[in-house]
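Here are the chains, one letter per residue:
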Amino acid sequence: MRRLLTCLLSNNPGVLNRFTGTLTRRQVNIDSISISPVGDKSASRVTAAVYLDDEAVAKQLVAQLNKQIDVLEIHDITEQPHIERELALIRVNAATNKRAELFAMVQPFRADVVDVALDSLMIQITGSREKVNALLRVVQPYGVTQVVRTGVAGFTRAEG
Amino acid sequence: MQAPEEQPMPARNGAELLLDTLTAQNVEMIFGYPGGAVLPLYDAIYRQQFRHILVRHEQAAAHAAEGYAKATGKPGVVFVTSGPGATNAITGIADAMMDSAPLVVFTGQVGTQAIGSDAFQEADILSMTASITKNNYQVHDVRDLPRVINEAFYVASTGRKGPVLIDLPKNIANQTTNAPFPDSVNLPQYQPAPTVDKHQVAQLMQALSQAHKPVLLVGNGVHAAAAQTEVQRFAQRYQVPVVATLLGLGVMPTTAPLFLGMGGMHGTYAANMALSECDLLINVGSRFDDRLATAPAKFAPHATIAHIDIDAAEMNKIIATTYQIVGDAKTVLKLMLRSSAARPEVAAWHEQLQQWQAEHPMRYQKSATEIKPQQVVQLVGELTHGDAYVVTDVGQHQMWAAQYYPFKHQHQLITSGGLGTMGFGLPAAIGAKLAHPEQPVVLFVGDGGIQMTSEELEVIATYDLDIKIVLLNNHTLGMVRQWQDLFYDQRRSETMFEHQPNFMKLAEAYGLAGHQLTDPQTVAADLAAAFAAPHAALIEVAIPALEPVMPMIAPGSANNEMMESD
Ligand SMILES: Cc1cc2nc3c(=O)[nH]c(=O)nc-3n(C[C@H](O)[C@H](O)[C@H](O)COP(=O)(O)OP(=O)(O)OC[C@H]3O[C@@H](n4cnc5c(N)ncnc54)[C@H](O)[C@@H]3O)c2cc1C
Ligand SMILES: Cc1ncc(C[n+]2csc(CCOP(=O)(O)OP(=O)(O)O)c2C)c(N)n1
Ligand SMILES: [Mg+2]
């Protein structure tokens, strides 16, 4: 099952290496990982989506990551109400006569067309992983030539 | 309120600042080897006359520091140069990580401008040691140096201890600063002393009261916590029999009536039967290694299991446990001792254990024509009254030392457990002797392993270290050969030595006394004679090539499925 870990790492050299090294060593498959500095840049926020079937193993892995000195915080938020978002840029080979149709298709996804060229255009979408997947399915027939996804970023919902 | 203004310090370069910080950390000695990238450090050592032990190979620097650390619980300190110096030290760092031994390792590095350019003797030691250090650092500003060093010592020697590495670029060691150096550390996220869940302790004590077949399993964590007294008091009060891991030997005197011996692959019959038949297993400071829990799915099948460990990541890692108590062994044992829980009814259990002990004692085939290694260990035990620091290398001789030496003190056995590193013994004995110059130190080593770090004989000679080196020479890589005999139909592939160095001449080359023992009739007197002088001696004992270590549990078999000697 896919699990979502959110962590705060101190911004020291080699920190991400150590973090992902532990996942590799435990033979955990990483679905996506997103990282960026936060606050005064002394720390980085990481969201890691990983595949782990066994709940006990997941718990142990979180404890193992948590003991790294540079892991300031780590939570497995899979079972908690949470928000997950990612951004994708999709380049589609749309012929001019198909463009109106394509625009209409992406509308309900609240996706934007952010770049237009003679023989292609680029669509930007933000949302849950499922939403991004759904849009990708929809635009596939028009000829997708390039896709880049940021990987999910996530947080738990506020209580109350 | 205004913070008191910090006084500027006299200008010092990074190397001097480093040594001053080590002095403030009460570091007694450094194990190391010089080179280009650490020239500034060695210049500071020269000028400050800092105590430095010059090894002959960087792997040995790390093992000697481990020997010091394993014999004292205090961090061992290592200096090595960049590139090959650093990579040579890796085996010792990995060994320390596996056995949770505190080390602070300083590696030289090329100047910050050159890092990443494949400069002369550059190695990306941070990446290479990420998985075998508790933490590692590269220093980019000389003013950070004292903080980083203090953090390194703090991290290495608290919580679950372990090695920490500091990579120091040469230009940083040369930079001068007059910045004051803080002696505090600020690592709010690092909680080395977790608060103990008293509720779990209470529940465990209740379970103990109701148990009929309780067993206490003690490991290396008890040494780390210096909780020997608490273990003994607890075992005594509740009449709980005790099994030790290899690294838990010394926690209970071998002769204590409640002590069943080592458990696991080469443990005693009674210890392994106790692990198999108990109804409550209390593990204090051991990590259910696969040499102990040889078949995790069949381990202690009738028992409720409690695990007391300072590392939360050990909980449920190998064995599912009912009572998970994360905390320092001493703290937890003190809480357990404060409990007023009733003593369990264990008379029948004790009777059963005594029967196993009586029917299956540790035994070996005595011989009138050959010297038996087990007998040699027993004789050394008598000669040293069970008081020596016992250092071993890895192999059969290591197991015989564990099985037959009468241990009684904390930190008394210095051995490579988790990594099983041949070549560990000789340099580790150096570290142990330097840590305890007034105490007897005996090294048991094999004819294979001694050849991996024999260059360190020179260090023993140079510093005139009184280490008795007992070389159990079976002309074979005995432990591997034993597995070939048992599991590969006696195909002894590359494990028999037809030719060997002349070990007596080797001793002589280094100016050390050499003794060759071959006669079983006079072995006791010969050993005593070899032990007599207060200087090092290389004592080569001829033992039979095909002697097996018994009992043995095949990997994957349960603890009650032991092979025993005929
Ligand atoms: C040839 C060979 C044969 C071997 N055969 C055997 C054998 O038959 N039996 C055997 O037992 N071993 C054997 N070993 C050793 C084995 O590989 C392991 O090294 C050993 O079992 C580990 O012992 P341990 O768990 O007590 O120590 P460690 O591996 O050092 O683990 C210590 C545990 O204590 C915890 N801890 C640390 N500090 C504290 C504290 N302050 N408070 C509480 N907990 C703490 C740590 O988190 C860790 O979980 C053999 C090794 C070799 C090389
Ligand atoms: C560095 C290293 N290489 C290989 C091994 C595998 N190994 C384990 S025990 C052993 C044999 C050791 O032989 P010796 O030193 O003669 O000791 P003996 O078992 O004969 O007592 C070997 C090769 C190891 N543990 N460490
Ligand atoms: Mg041998």
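- As annotated in an unreviewed UniProt entry, chain B carries the name Acetolactate synthase and comes from Loigolactobacillus jiayinensis.
- We quote the UniProt Sequence similarities (unreviewed entry) comment for chain B here in full: "Belongs to the TPP enzyme family."
- Heading Catalytic activity (unreviewed entry) of the UniProt record for chain B holds this comment: "2 pyruvate + H(+) = (2S)-2-acetolactate + CO2".

- Per an unreviewed UniProt entry, chain A goes by the name Acetolactate synthase small subunit and belongs to Loigolactobacillus jiayinensis.
- Under the heading Function (unreviewed entry), UniProt records this for chain A: "Catalyzes the conversion of 2 pyruvate molecules into acetolactate in the first common step of the biosynthetic pathway of the branched-amino acids such as leucine, isoleucine, and valine."
- Taken directly from UniProt, the Catalytic activity (unreviewed entry) text for chain A runs: "2 pyruvate + H(+) = (2S)-2-acetolactate + CO2".

Describing the site of ligand 1
Residue and element names in this part refer to chain B.
Consideration 1: Surrounding ligand 1, one finds 36 residues, the nearest of these being T245, H266, R287, D309 and D328.
Consideration 2: A distance of 2.4 Å is found between an oxygen atom of ligand 1 and a side-chain nitrogen or oxygen belonging to R287.
Consideration 3: With respect to ligand 1, the side chain of D328 contributes an N or O atom lying 2.8 Å from a nitrogen atom.
Consideration 4: Here ligand 1 has 990 Å² of accessible area as a free molecule, and 96% of this is covered by the chains.

A word on the UniProt feature "domain: Thiamine pyrophosphate enzyme N-terminal TPP-binding" (unreviewed entry) in chain B
Consideration 1: The feature "domain: Thiamine pyrophosphate enzyme N-terminal TPP-binding" (unreviewed entry), as given by UniProt, occupies residues 13-128 of chain B in the numbering adopted here.
Consideration 2: In the segment residues 13-128 of chain B, helix accounts for 47% and strand for 16%; the C-alpha atoms at its two ends are 28 Å apart.

Concerning the site of ligand 2
Residues and elements named next belong to chain B.
Consideration 1: Not every one of the 17 residues close to ligand 2 is listed here, only the nearest: Q396, G420, G448, G449 and G478.
Consideration 2: Backbone polar atom of Q396 to an oxygen atom of ligand 2: 2.8 Å apart, as the coordinates give it.
Consideration 3: Between G420 and ligand 2, the recorded distance is 2.8 Å, taken from a backbone N or O atom to a nitrogen atom.
Consideration 4: Those elements that provide at least two residues to the shell around ligand 2 are α15 (396-404) and α18 (478-487).
Consideration 5: Here the element with the most residues in the shell around ligand 2 is α18; it accounts for three residues.
Consideration 6: Considered class by class, the residues forming the shell around ligand 2 number six nonpolar, ten polar and one charged.

Some words on helix α4 (residues 84-98) of chain B
Working note: α-helix, 3.6 residues per turn, so residues spaced by three or four point in the same direction.
All names here are of chain B.
Consideration 1: Between its first and last C-alpha atoms α4 spans 22 Å; for 15 residues at 1.5 Å apiece the expected length is 21 Å, and the two agree.
Consideration 2: Those residues of α4 not exposed but buried are G85, A86, A89, I90, G92, I93, A94, D95 and A96.
Consideration 3: For α4, the elements touching its buried residues are α3 (58-72), β4 (76-80), β5 (103-109), α5 (125-128) and β7 (163-169).

Focus on the pairing of β4 of chain B
All names here are of chain B.
Consideration 1: When you tally the buried positions in β4, you get five out of five residues, the bulk of the element.
Consideration 2: One ladder, built from two bridges, connects strand β2 (residues 30-32) with β4; its direction is parallel. Each residue of the ladder has a partner; that of F31, found in β4, is V78.
Consideration 3: At this point the chain moves from β4, through α4, to the parallel β5, and the crossover so formed is right-handed.

Some thoughts on the coordination of the magnesium ion (ligand 3)
All names here are of chain B.
Consideration 1: Ligation of the magnesium ion (ligand 3) by protein atoms is provided by D447 (OD), N474 (OD1) and T476 (O), these donors lying 2.1 Å from the ion.
Consideration 2: Spacing between the donor residues of the magnesium ion (ligand 3) along their common chain follows D-x26-N-x1-T.
Consideration 3: We classify N474 as buried; its relative accessible area is 5%.
Consideration 4: T476 gets classed as buried once you look at its relative accessible area, which sits at 2%.

Here we look at the domain arrangement of chain A
Size of an interface: often given as the accessible area lost when the parts come together.
Residues and elements named next belong to chain A.
Consideration 1: What the domain assignment reports for chain A is domain 1 (2-80) and domain 2 (83-156).
Consideration 2: Measuring from the centre of the C-alpha atoms in domain 1 to the corresponding centre in domain 2 gives 28 Å.
Consideration 3: Residue-level contacts link 13 residues of domain 1 with nine residues of domain 2.
Consideration 4: Linking domain 1 with domain 2 are two salt bridges, by the criterion used here.
Consideration 5: In this structure, R129 engages D31 in a salt bridge whose closest nitrogen and oxygen atoms are separated by 3.4 Å.
Consideration 6: There are five residue pairs in polar contact (both at pLDDT 80 or more) connecting domain 1 and domain 2.
Consideration 7: Put simply, the parts of the chain that give the side of domain 1 that touches domain 2 at least two residues each are β1 (2-10), β2 (29-38) and β3 (43-51).

As for the interface of chain B and chain A
Consideration 1: Facing the 18 residues of chain B at the interface are eleven residues of chain A.
Consideration 2: Among the residues chain B hides against chain A, the three largest losses belong to N135, Q189 and A313 of chain B. Together they make up 36% of the total.
Consideration 3: Where chain B meets chain A, there are one salt bridge.
Consideration 4: Taking the shortest distance from any N to any O, the salt bridge between K67 of chain A and D311 of chain B comes out at 2.5 Å.
Consideration 5: Where chain B meets chain A, there are seven residue pairs in polar contact (both at pLDDT 80 or more).

Looking at the UniProt feature "domain: Thiamine pyrophosphate enzyme TPP-binding" (unreviewed entry) in chain B
Consideration 1: When the UniProt feature table is mapped onto this chain numbering, "domain: Thiamine pyrophosphate enzyme TPP-binding" (unreviewed entry) sits at residues 393-541 of chain B.
Consideration 2: Taken end to end, residues 393-541 of chain B is 36% helix and 17% strand, and its first and last C-alpha atoms sit 15 Å apart.

A few points about the sheet that holds β2 of chain B
Residues and elements named next belong to chain B.
Consideration 1: A sheet is described by the order of its strands in space; here six strands give the open sequence β3-β2-β4-β5-β7-β6, paired in parallel fashion. Among the strands making up the open sheet, the edge pair consists of β3 (52-54) and β6 (135-138). When the angles between neighbouring strand axes are averaged without regard to direction, this sheet yields 20°.
Consideration 2: Across seven bridges, the pairing between β5 and β7 is parallel. Residue G108 lies in a different strand from β7, and its bridge partner there is L168.

Some remarks on the domain arrangement of chain B
Residues and elements named next belong to chain B.
Consideration 1: With domains assigned, chain B is organised as domain 1 (6-182), domain 2 (198-359) and domain 3 (373-549).
Consideration 2: Of note, the centres of domain 2 and domain 3, computed from C-alpha atoms alone, are 31 Å apart.
Consideration 3: Counting residues at the interface gives 17 residues for domain 2 and 19 residues for domain 3.
Consideration 4: Overall, the association of domain 2 and domain 3 removes approximately 1,400 Å² of surface from exposure, summing both partners, and the carbon and sulfur fraction of that is 63%.
Consideration 5: The three residues of domain 2 that bury the most area against domain 3 are H223, L246 and H266, which together make up 40% of that side's buried surface.
Consideration 6: Counting across the domain 2 and domain 3 interface gives six residue pairs in polar contact (both at pLDDT 80 or more).
Consideration 7: Of the residues belonging to the side of domain 2 that touches domain 3, the class tally is ten nonpolar, five polar and two charged.

About the cut-offs
- Residues numbered from 1 in each chain as written.
- Chains lettered and ligands numbered in written order.
- Predicted model: local features only at pLDDT ≥ 70, side-chain atom pairs only at ≥ 80, totals over all residues.
- Heavy atoms only, no water.
- UniProt positions renumbered as here; feature names shortened; annotations may be inferred.
- Near = heavy atom within 4 Å.
- Polar contact = N/O pair within 3.5 Å; in protein donor to acceptor, adjacent residues only side chain to side chain.
- Areas by Shrake-Rupley, 256 points an atom, 1.4 Å probe, with all protein chains shown as cover.
- Helix = DSSP H or I, 4+ residues; strand = E, 2+ residues; numbered from the N terminus.
- Nonpolar A, V, L, I, M, F, W, Y, C, P; charged D, E, K, R; others polar.
- Expected span 1.5 Å × (residues − 1).
- Buried < 20%, exposed > 50% of the residue type's maximum accessible area, 1.4 Å probe, protein only.
- Contact = heavy atoms within 4.5 Å.
- Pairing = 2+ DSSP bridges.
- Right-handed = clockwise from strand over helix to strand, strands pointing away.
- Donors = N, O, S within 2.8 Å, 3.2 Å for Na, K, Ca; no water.
- Domains from an automatic or database assignment.
- Salt bridge = Lys/Arg side-chain N within 4 Å of Asp/Glu carboxyl O.
- Buried area = accessible area lost by both parts, 1.4 Å probe.
- Axes fitted to C-alpha atoms, helices over the stretch in contact; angles between N-to-C directions.

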